[in-house]
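# A structural walkthrough
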Amino acid sequence: YYVAAQNMHQEDGGAYTGELSAAMLADAGIDYVILGHSERRDYFNEDDSLIHAKIIKALEAGIKPIYCCGEKLDIREAGNHELVVSKQIEEALFSLMPEQMAEVVIAYEPVWAIGTGVTASPEQAQEMHAHIRHMITNQFGDTIAQNTTILYGGSVKPANAEELFGMKDVDGGLVGGASLSVENFTPIIAAR
């Protein structure tokens, strides 16, 4: 098994009461860290340059970043979802070295589907995951793109997990609320 943290601070040390550095997480045996979650972006005004700094610190500490990207409902409805996600991916990941990118997991989270009970259709998820994988191919090459894990996050539940995870470019799920219940989480694990 592996253990993941939900966030970390971008500085190695200092007077940042309540924050955890990458070194602290590594010392605690953390394997992965979620960075760029939509709630961190919204409530703490984190942008992709800050998230990029966190990604670098995580990698330096030997922790694999799970980089979250995704669009809000108004952006989806305007048809600008690929443009917004492309910008997020470019700003946070494209300056990485190929060997660094090989350690990154990407989680596509349509913000309009997080905790709302509304889920992107399997086709919508596949479309965005394929777009992300295509971007990674263009920037880092086919080998890294094919080996990059791209997760779907956003109201994953037992009723939709198998269909979502059955899509060609959906490699698994970043499961939130459903992971809090054994009855809900066990069938999701089985669906992978």
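Look a little higher up for the structure.
First, a word on scope: everything that follows refers to the structure included in this document. (Residues numbered from 1 in each chain as written. Predicted model: local features only at pLDDT ≥ 70, side-chain atom pairs only at ≥ 80, totals over all residues. Heavy atoms only, no water.)

Following the criterion strictly, the structure yields 3 aromatic pairs and no others. An angle of 85° between the planes, with centres 5.8 Å apart, marks the rings of Tyr2 and Tyr32 as edge-to-face. Taken as a pair, Tyr2 in the segment before β1 (4-5) and Tyr32 in strand β2 (residues 32-35) lie far apart in primary sequence, 30 residues in all. Arranged with centres 6.3 Å apart and planes meeting at 55°, the rings of Tyr108 and Tyr152 form a pair that is tilted. Within this pair, whereas Tyr108 is found in strand β4 (residues 105-108), its partner Tyr152 is found in strand β5 (residues 150-152), the two being separated by 44 residues in sequence. With respect to burial, Tyr108 and Tyr152 carry one shared label: buried. Looking at Arg40, its charged tip hangs above the ring of Phe44, at a distance of 3.9 Å from the centre. (Phe/Tyr/Trp six-rings, centres within 6.5 Å; stacked < 30°, edge-to-face > 60°. Helix = DSSP H or I, 4+ residues; strand = E, 2+ residues; numbered from the N terminus. Buried < 20%, exposed > 50% of the residue type's maximum accessible area, 1.4 Å probe, protein only. Lys NZ or Arg CZ within 6 Å of the ring centre and 35° of its normal.)

Of all the 6 residues making up strand β3 (residues 64-69), 5 are buried; the element is thus mostly covered by neighbouring parts of the structure. In terms of strand pairing, β2 meets β3 through 4 bridges, oriented parallel. Residue Val33 lies in a different strand from β3, and its bridge partner there is Pro65. Pairing analysis gives 4 bridges linking β3 to β4, with the strands arranged parallel. Note that in β4 the partner of Cys68 across the bridge is Ala107. (Pairing = 2+ DSSP bridges.)

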